[in-house]
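Reading the structure
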Amino acid sequence: MIYNNKLFQFFMHLVMLFLALACIIPFILLFSSSITSEASLALNGYSLIPREFSAAAYEFLWTTRESIFRSYGMSILITTIGTVVNMTLTFLFAYPLSRKDLPGRRFFSFFLFFTMLFNGGFVSTYLIYSNVFHINDTLAAMIVPYLLMNAFYVIMARTYIMSNVPDEVIEAAMIDGSNEFQNLLRIVVPMSRPILATIALMSAISYWNNWTNGVYFISTRTDLYGIQNFLNSVMNNVTALQSHSTGLSNAQRFPSVSIRMALAVIAVIPILIAYPFFQKSFVKGITIGSVKG
């Protein structure tokens, strides 16, 4: 077979090595640029190895450490609440859809899939959240809009349940007196750990990286800013300071480019730490649960 061909295996290893380097090198370049002096970046551009080491960007960020730690705390809170609610709603929707005897199953499946193709648009969505639900400048504004539940996650979970949780197991539990909620909590959830980990990781990344909700719905309560919104405000301030620099020497002393790189490093560290713990379950869940059948 072709998969046992040594030449084919060698070629595939080269391809995977290239893809791995394509993922790793940008992070190395990002970190290297964050510890390179502003003058060196302006003269020599970006490099994998810093030509002139400088910690000015991190020294500048250290002056705002209290705000950074507070924003980190808010991001952790928002990500935790949002991920738990997202997973709860996803499985409460996915499990009934996985049951072939659900009345109106086709209608609810179509209703779910329809939301993946069409939406009300930004203006109408903003007006509903602002004027009907009044979530502006509240914690809900950082959790509910756009991120609370994803139709694709529901389809993944439904497909995984249908493929990996035998109907016979659920039927046997119901004969023993179990109801649907008990089936979900005691049978489906324990047998769906890979897809749970997959949805948890994808949802957590979405919440952690989200900054648009803070821009759209937070105007006065800047204490609700997560790390992404705080870093965005810092970057805007850096841009303003850079634009008001009157001389070349001032512009060179102020590490605007390296600060942007340092901000990205700070924002991505938690995801880099968390991903290895979910990797095994993530790969299994995304491959088994991604078919829409």
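Residues numbered from 1 in each chain as written. Predicted model: local features only at pLDDT ≥ 70, side-chain atom pairs only at ≥ 80, totals over all residues. Heavy atoms only, no water.

Looking at an unreviewed UniProt entry, the protein carries the name Carbohydrate ABC transporter permease, with the source organism given as Candidatus Acetatifactor stercoripullorum. Turning to the protein, the UniProt annotation filed under Sequence similarities (unreviewed entry) states: "Belongs to the binding-protein-dependent transport system permease family." (UniProt positions renumbered as here; feature names shortened; annotations may be inferred.)

Let's shift gears to a negative patch on the surface. On the surface, Asp101, Glu168, Glu171 and Glu180 cluster together into a patch of negative charge. Mapped onto the elements of the fold, Glu180 is located in helix H9 (residues 180-191). (Patch = residues over 30% accessible without salt bridge, like charges linked within 9 Å, V, L, I, M, F, W, Y side chains within 5 Å. Areas by Shrake-Rupley, 256 points an atom, 1.4 Å probe, with all protein chains shown as cover. Salt bridge = Lys/Arg side-chain N within 4 Å of Asp/Glu carboxyl O. Lys, Arg positive; Asp, Glu negative; His and termini not counted. Charge placed at Lys NZ, Arg CZ, Asp CG, Glu CD. Helix = DSSP H or I, 4+ residues; strand = E, 2+ residues; numbered from the N terminus.)

All right, on to the packing of helix H4 (residues 65-98) against helix H10 (residues 193-209) then. Taken N-terminus to C-terminus, the directions of H4 and H10 make an angle of 140°; their axes are 8 Å apart at the nearest point. Here H4 lies oblique to H10, going by the angle between them. For the element pair H4 and H10, the recorded crossing hand is right-handed. For the pair formed by H4 and H10, the contact residues are Tyr72, Ser75, Ile76, Ile78, Thr79, Gly82, Thr83, Asn86, Met87, Thr90 and Phe91 on the first element and Ile195, Leu196, Ile199, Ala200, Ser203, Ala204, Tyr207 and Trp208 on the second. (Axes fitted to C-alpha atoms, helices over the stretch in contact; angles between N-to-C directions. Parallel < 35°, antiparallel > 145°, perpendicular 65-115°, else oblique. Left-handed = near helix turned anticlockwise from the far one by under 90°. Contact = heavy atoms within 4.5 Å.)

Residue placement: Leu102 occurs in the loop between H4 and helix H5 (105-117). In this structure Leu102 touches Pro96, Leu97 and Phe108, once residues within four positions along its chain are discounted.

A few words on unusual backbone geometry. Here the phi dihedral of His134 falls at roughly 50°; this positive angle occurs in a residue that is not glycine. With respect to the secondary-structure elements, His134 resides in the loop between helix H6 (122-132) and helix H7 (151-164). Overall, the relative accessible area of 56% leaves His134 in the exposed class. Even without being a glycine, Asp137 presents a positive backbone phi close to 60°. Summarising the element assignment, Asp137 is placed in the loop between H6 and H7. (Buried < 20%, exposed > 50% of the residue type's maximum accessible area, 1.4 Å probe, protein only.)

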